[in-house]
Amino acid sequence: MAAAQGAFSLREVMAAFQSCVTEQREVLLGPYLRGWRGLVRFLNGLGAIFSFISKDAVTKIQIMESYCGGEKKEEYRTMQSMVRYELNGGLVDLEQRSAHPNSGCRTVLRLHRALHWLQLFLEGLRTAQQDASTSTICTDSYNASLAAYHPWIVRKAATLAFCTLPSRDAFLEVMNVGGPEEAVEMLGDALPHIRDVYGITEELYAQHRLLDLP
Ligand code: 1Q0
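Just so it is clear, the model here is predicted, and its values are computed rather than measured.

Student: Outline helix α5 (residues 104–127), supporting the account with residue identities and numerical values.
Tutor: Think of an α-helix as 3.6 residues a turn; residues three or four steps apart then line up on the same face. Look at α5: 34 Å from first C-alpha to last across 24 residues, which is about the 34 Å you get at 1.5 Å a residue. With 19 of 24 residues buried, α5 lies mostly within the body of the structure.

Student: So what about the nonpolar core? Which residues, and what values?
Tutor: Residues L10, F17, Y32, W36, M82, L115 and Y205 are the most contacted members of the largest nonpolar core, which totals 62 residues. Apart from residues no more than four positions distant in its own chain, L115 is found in contact with F17, Y32, W36, I194, V197 and Y198.

Student: Quick one: what's the story with the UniProt feature "domain: Glycolipid transfer protein" (unreviewed entry) in the chain, residue by residue and with numbers?
Tutor: Listed under "domain: Glycolipid transfer protein" (unreviewed entry) in the UniProt record, and renumbered for this structure, are residues 29–176. Counted over residues 29–176, helix gives 65% and strand 0%. Its end C-alpha atoms are 25 Å apart.

Student: Now, about the site of the ligand: what can you tell me, with residues and values included?
Tutor: In the vicinity of the ligand lie 26 residues, with D56, K60, R106, H150 and M175 positioned nearest. Within the contact set of the ligand, an oxygen atom lies 3.0 Å away from a side-chain nitrogen or oxygen of R110. For the ligand, whose unbound accessible area comes to 970 Å², protein coverage reaches 90%. Because more than half of its atoms lie within 2 Å of the grid, the ligand is assigned to the largest pocket. For the shell around the ligand, the element with the highest residue contribution is α5, accounting for six residues. Here the shell around the ligand is composed, by residue class, of 21 nonpolar, one polar and four charged.

Analysis parameters
- Residues numbered from 1 in each chain as written.
- Predicted model: local features only at pLDDT ≥ 70, side-chain atom pairs only at ≥ 80, totals over all residues.
- Heavy atoms only, no water.
- Helix = DSSP H or I, 4+ residues; strand = E, 2+ residues; numbered from the N terminus.
- Expected span 1.5 Å × (residues − 1).
- Buried < 20%, exposed > 50% of the residue type's maximum accessible area, 1.4 Å probe, protein only.
- Core = buried A, V, L, I, M, F, W, Y, C linked by side-chain atoms within 4.5 Å.
- Contact = heavy atoms within 4.5 Å.
- UniProt positions renumbered as here; feature names shortened; annotations may be inferred.
- Near = heavy atom within 4 Å.
- Polar contact = N/O pair within 3.5 Å; in protein donor to acceptor, adjacent residues only side chain to side chain.
- Areas by Shrake-Rupley, 256 points an atom, 1.4 Å probe, with all protein chains shown as cover.
- 1 Å grid on protein atoms, 1.4 Å probe; cavity = no way out; pocket = protein on both sides within 12 Å on 5 of 7 lines; lining within 4 Å.
- Sits in = over half its atoms within 2 Å of the grid points.
- Nonpolar A, V, L, I, M, F, W, Y, C, P; charged D, E, K, R; others polar.

Take a look at the structure:
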């Protein structure tokens, strides 16, 4: 489990998401991707059954990191600048994937949808009874968010993997932020920031009609 991997704490991951939003209410891609890197590290600690998920997440994070460290890195400082740059330059496939199959806009959209799952899952984990089943919380959160975008086979594989999740207390423990009470408190502090990042991104994508990018 993740706790065995040393210093990893979910607190740092949450801090990355907390530092995403600028005073101008823009979302910084640097900390956003760092947050995702940390989550993937956590996911890897949950066992090989989750590797099909973490591989996909890593591919997407890498695509974005190469934009953020590339020639046009200034354009990829925030989600807002990325959307402006890619749309103005005709760098986004709007109808079907063709000339720009891995645009920043479509790649972030996948992570953004997954962030909704994370928000629901952490909310569920935070407010559930001590003996609640994490696999039920996880499945419910998934069905209320990401599942709508996944084909049957992916939904099936994901749901099977969720069955292997540890108990709520074990989960709170591997977050590595102290006892269950502290973990719950930390989630309470962190969740408004996740919601904020999610809300700003959702609005940005809705404004530019990007919520259904292929
Ligand atoms: C704790 C259990 C983690 C469960 C993660 C739930 C997400 C399920 C997602 C299943 C994805 C399946 C793989 C492929 C999907 C792609 O087809 C899809 C679309 O991309 P594309 O290019 O085909 O259009 N990709 C996605 O939807 C992106 C999925 C990214 C998922 C990233 C999940 C990272 C998870 C981190 C776990 C964090 C747990 C933290 C909890 C801490 C609290 C103690």
